[in-house]
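# Structural characterization, general
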Amino acid sequence: MDALPPVLNEIREVADLSAALQIAARFGGSRVFIPAYPAEDNWLQETVGESAARKICDHYRIINAGGRAVGIYLEIPLGPTGQQASTHARVQQYLKEGVSADEIARRLGIHRRTVLRRAVRIRDPRQADLFEF
């Protein structure tokens, strides 16, 4: 499947296609933490299983300057499972309720950057409109 975004394609090469699609389906559009080593109760192992989680963690693990293994954050693209619905009003409502960008992205099946772009467009009623006469 060559049509996958680069991050999902990389996960496909490291683990398998099923793991990449499962991660996109569950976390597409949001930022996730890939731990240095998988844990039994970690989202990654729960999503793709122990073997694939281990391969993914091994691939993304970084050894820092102190010689310690650390994980990384990845922005997971929507991939082929993303919903292309009109969600502008729902994004604004969730933002007004104080829901985080990552959680909104998960709930609506959109990318967190889409949420962040919408957040910038919401005008704070306490601020004057520079274009209002």
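About the criteria used
Throughout, residues of each chain are indexed from 1 in the direction in which the sequence is written. The predicted nature of this model means local features are confined to residues of pLDDT at least 70 and side-chain atom pairs, given and counted, to a pLDDT of 80 or more, with totals for whole chains, interfaces and linings taken over all residues. Side-chain figures throughout are based on the complete set of non-hydrogen atoms in the structure, without hydrogens or water. Helix and strand labels come from DSSP, where a helix needs a run of H or I of at least four residues and a strand needs a run of E of at least two; each type is numbered from the N terminus. A 1.4 Å probe rolled over the protein chains alone gives each residue an accessible area, and that area as a share of the maximum for its type sets the label: buried under 20%, exposed over 50%, partly exposed in between. A contact between two residues is defined here by any heavy atoms of the two lying within 4.5 Å. Two aromatic rings from Phe, Tyr or Trp, using only the six-membered ring of Trp, form a pair when their centres are within 6.5 Å; if the ring planes differ by under 30 degrees the pair is stacked, by over 60 it is edge-to-face, and anything between is tilted. We call a charge positioned over a ring when the NZ of a Lys or the CZ of an Arg lies within 6 Å of the ring centre and within 35 degrees of the ring normal. By nonpolar core is meant a set of buried Ala, Val, Leu, Ile, Met, Phe, Trp, Tyr and Cys residues that side-chain atoms within 4.5 Å join together. Confidence scores per residue from the predictor, reported as pLDDT, run from 0 to 100. Note on geometry: axes are C-alpha line fits, over the in-contact stretch for helices, and angles between N-to-C directions span 0 to 180 degrees. Should the near helix be turned counterclockwise from the far one by less than a right angle, the crossing is left-handed, whereas a clockwise turn marks it as right-handed. Charged residues are taken to be Asp, Glu, Lys and Arg, nonpolar residues to be Ala, Val, Leu, Ile, Met, Phe, Trp, Tyr, Cys and Pro, and polar residues to be all remaining types, Gly included. Starting at the helix axis, one direction is taken to each C-beta atom, and the arc is that of these directions.

## Some words on the overall build of the protein
- A count of helices and strands for the protein gives 7 helices and 4 strands.
- Ordered by position from N to C terminus, the α and β elements of the protein give α-α-β-α-α-β-β-β-α-α-α.
- By the burial criterion, 36% of the 133 residues in the protein qualify as buried.
- Long-range contacts, defined here as pairs at least 24 residues apart, represent 57% of the contacts in the protein between residues at least 6 apart.

## Structural notes on the packing of aromatic side chains
- This structure, assessed with the given rule, holds 2 aromatic pairs.
- It is Arg31 that lies over the ring of Tyr73; its NZ or CZ is 4.8 Å from the centre.

## Considerations on the nonpolar core
- Ile23, Ile34, Trp43, Leu44, Val48, Ile56 and Tyr60 are the most contacted members of the largest nonpolar core, which has 22 residues in total.
- Sorting the residues of this core by element identifies α1 (6-14), α2 (17-27), β1 (31-34), α3 (43-48), α4 (50-60) and β4 (72-75) as the ones contributing at least two each.
- Look past the residues within four positions of Val48 in its chain and what remains in contact with it is Ala19, Gln22, Ile23, Ala53 and Ile56.
- Among the nonpolar cores identified, the runner-up in size contains 8 residues, and Tyr94, Ala101, Ile110 and Val115 belong to it.

## Considerations on the confidence of the model for the protein
- In the predicted model, the protein carries a mean pLDDT of 84, and 82% of its residues have values of at least 70.
- Across residues 81-86, where pLDDT falls below 50, the model places 5 contacts with residues more than four positions away in sequence or in other chains.

## Description of the packing of α1 against α4
- Closest axis-to-axis distance for the α1/α4 pair is 9 Å, and the angle between their directions is 115°. Judged by the sense of rotation from one axis to the other, the crossing of α1 with α4 is right-handed. Contacts between α1 and α4 involve Val7, Glu10, Ile11 and Val14 from the former and Lys55, Ile56, His59 and Tyr60 from the latter.
- In terms of residue class, the contact of α1 with α4 is made up of 5 nonpolar, 1 polar and 2 charged.

## Details of the environment of Ala20
- Residue position: Ala20 is located in helix α2.
- Look at Ala20 and you get buried, because its relative accessible area is 0%.
- When the C-alpha atoms of Ala20 and Ala52 are compared, they prove to be 9.6 Å apart, with 32 residues separating the residues in sequence.
- Beyond its immediate chain neighbours, meaning those up to four positions away, Ala20 contacts Leu8, Ile11 and Arg12.

## As for α2
- For α2, the full list of buried residues reads Ala19, Ala20, Ile23, Ala24 and Phe27. Taken down its axis, α2 places every buried residue within 130° of arc, on the same side.
- Positioned one or two residues after α2, Gly29 has a phi angle of 95°, which is positive.

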